[in-house]
Amino acid sequence: MKDLNASSSTWADTLPSQWGPELAETQSEVEVPLNRLKQDTAQQPSAPGAANAAAEGLSIWGWMREGLRAALFLPPRTAAAAPTPWQLLVLSLVSAGLLVAASRLEVVGPAQFNLRGWLTPMWSGLVLLWLAWWAMAPAQRAAASPAAVASASVPAPTGGLAAWYVLTAWAPLAPLLVLYVLMASAVHRPGLWGGSVAAIVFWVAYGVLTLWVLASLVVVSARFIRSRWRTAAFSVAMAAVIGVGMWQFQDQPWEPDAQAMADASGGAAAAADEAQEPEPVPLALTQAMFEDQQALWQQQVDALAPERPGVVDVYGLVFAPYADENVFRRESTMVSSLLQERFDAQGRVLHLLNHADTADTHAWATPENLQRAVAALAARMDREHDVLVVYLTSHGARDHALAASHWPLQVAPATPEMLRAALDEAGIRNRVIAVSACYSGGWVEPLATDSTLIMTAADATHTSYGCGRLSDLTFFGRAVFHEQLRQTHSFTEAFAKAVPLIQQREVEAGKADGFSNPQIRVGKHITPVLQALEQRLQAATVEPEASGGHMASAPAVRAQ
């Protein structure tokens with residue numbers, strides 16, 4: 001390169017454009033040393049907050065700060081910095097740990113970590129990583145050029161997938177934590193959001209926080225993508241992935257410790273009693289028992305009484321599939337007897353029960369027998385006018401499956417979809433369904449029809465109570481069926497009076513995870529049917545209980 005002080009026509013031709021026309025005539029007096037030119041170039045100011053980010057990287061705290069700053073929709077000042085592998089690991093674990101700790105607030109009382117519930121949603125993270133790589137690839141290559149960096153007041157982040165992953169993990173963290181606290185308040189203090197205005201406030205806050213989470217993810221991703229149509233495509237795909245995850249994979253990192261709650265549900269007095277009732281012995285499974293079960297099933301089906309013309313008959317199906325605890329045997333037996341004694345259903349009840357002591361008297365409570373029982377009852381009853389009462393009692397799970405156990409017989413859990421399909425296929429119109437199990441509120445939507453009354457011992461997110469080894473009956477079964485339905489023939493009235501009793505008893509028993517919140521839904525078409533049934537049963541003549549008599553039905557003309 002030529003010396004700047006040398007006079008030459010070549011260098012002189014560049015002076016007007018480099019220094020202006022006024023310096024062209026005095027070019028011999030301008031001295032710009034070569035080393036000064038290099039220093040000036042090197043000392044040009046960079047974007048605020050991003051100096052040396054690419055060269056020196058960011059600290060752990062720096063990444064946290066920029067991620068939380070992005071929650072306020074401010075541009076992250078990371079420039080071309082990318083987290084190191086160990087930074088990526090620490091930042092991911094810290095954010096995940098905070099969310100897992102916050103989700104623990106949603107479970108009151110004893111809880112256990114659900115590894116499957118924690119790992120299952122991670123498939124969506126892998127899908128979003130691929131989508132982000134596709135969406136941001138062109139912009140990241142272009143934004144990495146020196147001209148693009150120098151032209152922006154705050155350079156676009158160009159740290160690639162690693163930088164995007166860290167920022168999208170920390171940007172929605174604040175609203176997510178607040179959202180967990182909001183949900184926990186509904187669990188710990190359900191009365192706080194019980195009013196109509198409070199409920200509106202709750203759901204507005206829930207919606208705002210959810211939109212904040214999604215918006216922060218979209219805005220951060222848009223800064224990496226820098227293309228409107230690619231950002232739109234990524235946003236739609238991200239919403240779809242998150243929606244599918246929330247719909248199909250509802251497991252949570254924490255779930256109530258069912259065994260601890262079951263042990264406690266017997267009550268303090270029973271727990272203090274050292275003479276505990278022994279657990280049921282396992283089933284002695286033999287070929288003779290299999291053959292006897294087939295014969296027993298046919299006998300019970302053949303013994304079903306036919307429907308009576310002109311009378312709204314009640315048929316019953318009682319299902320108790322959990323053999324390991326005697327409470328379900330006692331409760332299902334109580335309900336079966338109640339239907340026959342109080343609802344004029346003598347000879348019209350099928351009682352399916354898993355218990356080692358009843359293998360020669362009761363058909364097994366299996367999903368196959370449940371479907372067969374529905375079909376058998378439908379063949380006997382007037383499917384358009386009679387009423388089928390179904391009572392299911394067992395432990396329940398968050399996925400709303402009804403627990404089954406009859407070792408060594410392998411029994412699959414029953415599901416609401418299974419029962420709904422059997423009822424629809426059988427063509428039974430009028431249905432009264434009661435489910436006594438934890439999380440049984442999840443049965444309401446799948447079973448609801450205009451001709452169905454369904455009530456459950458809990459909502460879809462809470463446990464019920466009284467299903468432990470020391471319990472005589474569950475709190476729901478005792479209050480609704482054993483107590484209230486012995487005083488009235490109205491299912492809705494019995495439920496309404498039982499709910500405050502259940503709540504009071506749960507408080508007295510020290511139920512730790514909040515009110516079970518029993519649910520009921522009454523179809524508009526079954527209401528007049530049940531009212532007519534109630535009037536008939538109330539008008540019926542009941543012989544004195546001491547004489548061992550039973551209800552004699554008063555003939556009633558069925559409403560056409």
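Residues numbered from 1 in each chain as written. Predicted model: local features only at pLDDT ≥ 70, side-chain atom pairs only at ≥ 80, totals over all residues. Heavy atoms only, no water.

### Description of the overall build of the chain
Here is step 1: Each helix and strand counted, the chain has 23 helices and 10 strands in total.
Here is step 2: Within the chain, buried positions represent 45% of all 560 residues.
Here is step 3: Summarising the internal contacts of the chain: among those between residues at least 6 apart in sequence, 76% fall at separations of at least 24.
Here is step 4: Carbon and sulfur atoms make up 60% of the accessible area of the chain, which amounts to about 27800 Å² in all. (Helix = DSSP H or I, 4+ residues; strand = E, 2+ residues; numbered from the N terminus. Buried < 20%, exposed > 50% of the residue type's maximum accessible area, 1.4 Å probe, protein only. Contact = heavy atoms within 4.5 Å. Areas by Shrake-Rupley, 256 points an atom, 1.4 Å probe, with all protein chains shown as cover.)

### Side note on helix α12 (residues 196-225)
Here is step 1: A rise of 1.5 Å per residue sets the reference length of α12, with its 30 residues, at 44 Å; its end C-alpha atoms lie 43 Å apart and thus fit the reference within 8%.
Here is step 2: Listing the buried residues of α12 in full gives Phe 202, Leu 209, Val 213, Ser 216, Leu 217, Val 220, Ser 221, Phe 224 and Ile 225.
Here is step 3: Trailing α12 by a residue or two, Arg 226 shows a phi angle of about 55 degrees, which is positive. (Expected span 1.5 Å × (residues − 1).)

### What to know about the confidence of the model for the chain
Here is step 1: The share of residues in the chain with pLDDT of 70 or more is 76%, and the mean pLDDT across the chain is 79.
Here is step 2: When mean pLDDT is taken per element in the chain, strand β7 (residues 452-456) scores highest with 97 and helix α1 (residues 9-12) scores lowest with 40.
Here is step 3: For the stretch residues 265-276, pLDDT sits under 50, and the model shows 11 contacts to residues farther than four places along the chain or on other chains.
Here is step 4: Contacts from residues 544-560, a stretch scored under 50 in pLDDT, to residues over four places away or in other chains number 36 contacts. (pLDDT = per-residue confidence, 0-100.)

### Observations regarding the pairing of strand β3 (residues 314-320)
Here is step 1: Counting buried residues in β3 gives seven out of seven residues, a clear majority hidden from the surface.
Here is step 2: In β3, alternate side chains face the same way, and those of Val 314, Gly 316, Val 318 and Ala 320 on one face and Tyr 315, Leu 317 and Phe 319 on the other are all buried.
Here is step 3: Bridging between β3 and strand β4 (residues 349-353) involves five bridges; their strand directions are parallel. Within β4, the residue paired with Val 318 across the bridge is His 351.
Here is step 4: Crossover connection from β3 via helix α17 (residues 326-342) to parallel β4: handedness right-handed. (Pairing = 2+ DSSP bridges. Right-handed = clockwise from strand over helix to strand, strands pointing away.)

### Considering the side chain of His 395
Here is step 1: Structurally, His 395 is set in the loop between β5 (387-393) and α19 (416-426).
Here is step 2: Judged by relative accessible area, His 395 falls into the buried class, the value being 15%.
Here is step 3: The residues contacting His 395, other than those within four sequence positions of it, are Tyr 322, Glu 325, Phe 328, Ala 401, Leu 402, Ala 403, Ala 437 and Cys 467.

### What to know about the packing of helix α6 (residues 85-103) against helix α10 (residues 160-170)
Here is step 1: Their axes nearest at 10 Å, the elements α6 and α10 cross at an angle of 20 degrees. With respect to α10, the element α6 is oriented roughly parallel. Crossing hand, α6 versus α10: left-handed. Residue-level contacts link Leu 88, Leu 91, Ser 92, Val 94, Ser 95 and Leu 98 of α6 to Ala 162, Tyr 165, Val 166, Ala 169 and Trp 170 of α10.
Here is step 2: Looking at the contact of α6 with α10 residue by residue, the classes come out as nine nonpolar, two polar and no charged. (Axes fitted to C-alpha atoms, helices over the stretch in contact; angles between N-to-C directions. Parallel < 35°, antiparallel > 145°, perpendicular 65-115°, else oblique. Left-handed = near helix turned anticlockwise from the far one by under 90°. Nonpolar A, V, L, I, M, F, W, Y, C, P; charged D, E, K, R; others polar.)

### Quick word on the packing of aromatic side chains
Here is step 1: In total, this model carries nine aromatic pairs according to the counting rule given.
Here is step 2: Judged by centre distance (5.9 Å) and plane angle (75 degrees), the ring pair of Trp 134 and Trp 229 falls under edge-to-face. Of the two residues, Trp 134 is situated in helix α8 (residues 122-143) and Trp 229 in helix α13 (residues 228-248); the sequence distance between them amounts to 95 residues.
Here is step 3: Trp 134 sits in the partly exposed class, given a relative accessible area of 31%.
Here is step 4: Relative to Phe 475, the ring of Tyr 465 has its centre 5.3 Å away and its plane inclined at 85 degrees; by these criteria the two rings are edge-to-face. Here Tyr 465, found in the loop between β7 and α21 (475-483), pairs with Phe 475, found in helix α21; they are 10 residues apart in sequence, far enough to count as distant.
Here is step 5: Taking relative accessible area as the criterion, Tyr 465 reaches 6% and is therefore assigned buried.
Here is step 6: One aromatic cluster in this structure is built from Phe 202, Trp 203 and Tyr 206. (Phe/Tyr/Trp six-rings, centres within 6.5 Å; stacked < 30°, edge-to-face > 60°.)

### Brief notes about the pairing of β4
Here is step 1: Across the five residues that make up β4, a large majority, five, are buried.
Here is step 2: The alternating pattern of β4 places Val 349, His 351 and Leu 353 and Leu 350 and Leu 352 on opposite faces, both of which are buried.

### Some thoughts on the pattern of salt bridges
Here is step 1: For the coordinates displayed, the defined rule picks out 13 salt bridges.
Here is step 2: The residue Asp 424 makes a salt bridge to Arg 431 at a minimum N-O spacing of 2.8 Å.
Here is step 3: Given a relative accessible area of 41%, Asp 424 falls into the partly exposed group.
Here is step 4: With a relative accessible area of 6%, Arg 431 lands in the buried category.
Here is step 5: Of the charged contacts, one joins Lys 497 and Glu 493 as a salt bridge, the two residues approaching to 2.9 Å between their closest N and O atoms. Of this pair, Lys 497 and Glu 493 both sit in helix α22 (residues 491-509), separated by four residues, roughly a single helical turn.
Here is step 6: Among the charged side chains, a salt-bridge network with shared partners connects Arg 308, Asp 313, Asp 344 and Arg 536. (Salt bridge = Lys/Arg side-chain N within 4 Å of Asp/Glu carboxyl O.)

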